[in-house]
Amino acid sequence: MRKILATLTAVFLAGSLSAQTYTVFIHGKSDKNHNGVGTTDVNGYWGSSVNSVSGTRIFIGYDGTSDPRSYGSSRAQTNIATGLTNYCKGSNSCKIVCHSAGCYAIEYWLSNLGSTASAKGFNLTKVTALAAASGGSELANALNGITFGFGGNAMDKSLIVTTARGAFNHNNTAGVAVNHVPGYKGMFGASAILPGEDDYAVAYHSSCAYNRAGGLNKCQASLTQYEGLWPFGSNKTYNQYSGHYRAPSVSSTGLYLDHGQIKTEGWR
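Remember, predicted model here, so these are calculated numbers, not experimental data.

**Observations concerning the overall build of the protein**
- Helix and strand counts for the protein come out as eight helices and nine strands.
- For 268 residues, the compact-globule estimate of 2.2 N^0.38 gives 18 Å, and the C-alpha radius of gyration of the protein, at 20 Å, lies within 12% of that figure.
- Each principal axis of the C-alpha distribution contributes one length, and for the protein these read about 85 × 35 × 35 Å.
- Across the 268 residues in the protein, those meeting the buried criterion constitute 48%.
- Residue pairs at least 24 apart in sequence account for 69% of intrachain contacts in the protein once pairs closer than 6 positions are excluded.
- As displayed, the protein has an accessible area near 12,000 Å², and 56% of this comes from carbon and sulfur atoms.
- One way to put it: in the protein the 20 positive side-chain charges average out to a point 12 Å from where the 13 negative ones average out.

**Some points on the packing of aromatic side chains**
- Inspection of the entire model under this criterion finds nine aromatic pairs.
- Ring centres of Tyr 45 and Trp 46 lie 5.5 Å apart, and the angle between their planes is 70°; this geometry places the pair in the edge-to-face category.
- The buried category is assigned to Tyr 45, whose relative accessible area is 12%.
- Centre to centre, the rings of Trp 109 and Phe 122 are 5.2 Å apart; their planes meet at 85°, and the pair counts as edge-to-face. With Trp 109 in helix H3 (residues 101–111) and Phe 122 in the loop between H3 and strand S5 (124–130), this residue pair connects regions lying 13 residues apart in the sequence.

**What about unusual backbone geometry?**
- Going from Trp 230 to Pro 231, the amide bond is cis rather than trans, its omega being 5°.
- By the element assignment, Pro 231 lies in the loop between strand S7 (222–227) and strand S8 (234–239).
- Unusually for a residue other than glycine, Ala 131 sits at a positive phi of about 50°.
- Note on placement: Ala 131 falls in the loop between S5 and helix H4 (138–146).

**Notes on the side chain of Asp 156**
- Tracing the backbone shows Asp 156 in helix H5 (residues 154–158).
- Overall, Asp 156 belongs to the buried group, its relative accessible area being 13%.
- The residues touching Asp 156, leaving out its near neighbours within four places in the chain, are Lys 29, Ala 140 and Leu 143.

**Re empty space enclosed by the protein**
- Summed over all chains, the structure comprises two cavities of 30 Å³ or more.
- In this model, the largest cavity occupies a volume close to 50 Å³.
- Every residue lining the largest cavity is listed: Phe 25, His 27, His 34, Gly 36, Thr 40, Asp 41, Val 42, Trp 46, Phe 59, Ile 60 and Gly 61.
- When contributions to the lining of the largest cavity are tallied by element, the ones reaching two or more residues are strand S2 (33–38) and strand S3 (56–63).
- By residue class, the composition of the lining of the largest cavity is five nonpolar, five polar and one charged.
- Residue lining of the second largest cavity: Glu 107, Ser 134, Gly 135, Arg 165, His 170, His 180, His 205, Ser 206, Ala 209, Tyr 210 and Tyr 241, and that is the complete set.

**Digging into the state of the cysteines**
- Applying the stated criterion across every chain yields a total of three disulfides.
- Note that Cys 88 is cross-linked by a disulfide to Cys 94, the S-S spacing being 2.1 Å. Residues Cys 88 and Cys 94 are joined through a disulfide that is left-handed, its torsion about the S-S bond being -95°.
- The exposure class assigned to Cys 88 is buried, which follows from its relative accessible area of 0%.
- The side chain of Cys 208 participates in a disulfide bridge whose partner is Cys 219; the two sulfur atoms lie 2.3 Å from each other. Residues Cys 208 and Cys 219 are joined through a disulfide that is left-handed, its torsion about the S-S bond being -130°.

**Describing the pairing of S7**
- In terms of strand pairing, S7 meets S8 through six bridges, oriented antiparallel. By the bridge assignment for S8, Thr 224 is matched with Thr 237.
- Linkage of S7 to S8, two consecutive antiparallel strands, is achieved through a turn of six residues, within which Gly 228 is found at a positive phi near 100°.

**Some details on the sheet that holds S5**
- The strand order S2-S3-S1-S4-S5-S6-S9 describes an open sheet built from seven strands, whose pairing is mixed. Each edge of the sheet is formed by a strand with only one pairing partner; in this case those strands are S2 and strand S9 (244–246). Strand after strand, the sheet turns through a mean of 25° between neighbouring axes, direction not considered.
- Inspection of the sheet shows strand S4 (residues 93–99) paired to S5 by six bridges, in the parallel sense. Note that in S5 the partner of Ile 96 across the bridge is Val 127.
- In the packing of helix H2 (residues 76–87) onto the sheet, contacts are made with strand S1 (21–26), S2, S3, S4 and S5, and the angle to S3 comes to roughly 160°.

Basis of the calculations
Residues numbered from 1 in each chain as written. Predicted model: local features only at pLDDT ≥ 70, side-chain atom pairs only at ≥ 80, totals over all residues. Heavy atoms only, no water. Helix = DSSP H or I, 4+ residues; strand = E, 2+ residues; numbered from the N terminus. Rg over C-alpha atoms; globule rule 2.2 N^0.38 Å. Buried < 20%, exposed > 50% of the residue type's maximum accessible area, 1.4 Å probe, protein only. Contact = heavy atoms within 4.5 Å. Areas by Shrake-Rupley, 256 points an atom, 1.4 Å probe, with all protein chains shown as cover. Lys, Arg positive; Asp, Glu negative; His and termini not counted. Charge placed at Lys NZ, Arg CZ, Asp CG, Glu CD. Phe/Tyr/Trp six-rings, centres within 6.5 Å; stacked < 30°, edge-to-face > 60°. 1 Å grid on protein atoms, 1.4 Å probe; cavity = no way out; pocket = protein on both sides within 12 Å on 5 of 7 lines; lining within 4 Å. Points joined across faces, edges and corners; volume = space filled by probe spheres on them. Nonpolar A, V, L, I, M, F, W, Y, C, P; charged D, E, K, R; others polar. Disulfide = S-S within 2.5 Å. Pairing = 2+ DSSP bridges. Axes fitted to C-alpha atoms, helices over the stretch in contact; angles between N-to-C directions.

So, in C-alpha cells, the structure goes:
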C-alpha cells in the first residue's frame, strides 16, 4: 500500500512540476517579418517591453505586413493555432498579451474556434489587449481614400474600419475575457483624423471594443452621448462587445501612453 501511495505521489508531483504557465505575446502591424513560434521575439517587435511580465514568455510572430486574418506560411492565423496548441493545452495555461492588430488576429481566431476555448482543450486565462485595432483605424481609411484603393499593404487594407468591424463576430470570444488597455497620448496630424481620444494609431472606439465607431473619450461598458448640432442632434449609445472589458487596473479615462509606449502594459 505504501508503495502504491508513493508511486501516486510521485506521479502527482511530476505532473505538477511539468505544468507551465506562459504569457503569449502576439504583435501587430509592422514592416518586418517576425515569423516564428517560441521563446524568441523574432526581429524584436516587443523589445524590452516584455520585461514587465514575469515567467516564461512565448512569442507568436508572422509577417507584419500581411492580413491578420490570413492562413499559411508566416501568417497570423496558422501561427496562432500552432502556438496555442503547443503551449496552452493539457496541464499548461496561457495568458495572451496582444498589441494593436495582434488583437485583431487573436480575436478573429477565438471567434472562429467553433466552441469555447476550454471545450477545445485550450487553457486560456485571459487576453490583455493593448491598443486593440480590432475595430479598425481611420488612418487606414484615409490611406485607402487618398490612394483610391491602390495604396497600402494587406495589413493596411484589413484595418479599414468597415472591413475590421465586419470581419468576424466580435461578440464571440470563445469564453475568454478580453481586457482592454487604451491609450490617449495622441499626435498632431493623426489625431485630427482619428475620432475622440486616440493613441495616434487607433481611437477609443477600437481600443475599447465598442460596438460601433465614433468619437469617444471614455472606456467603459456603456456610454451615451449627445451627437450632432443642437437642437437637431440626438443621444447615441455605445456598448462594449460581449466578452470585452476595460482592464480592471485601468480607469475609464485610459492611460496617457501612445501606441508604442502601451506595449509595456502587458502585466495588466
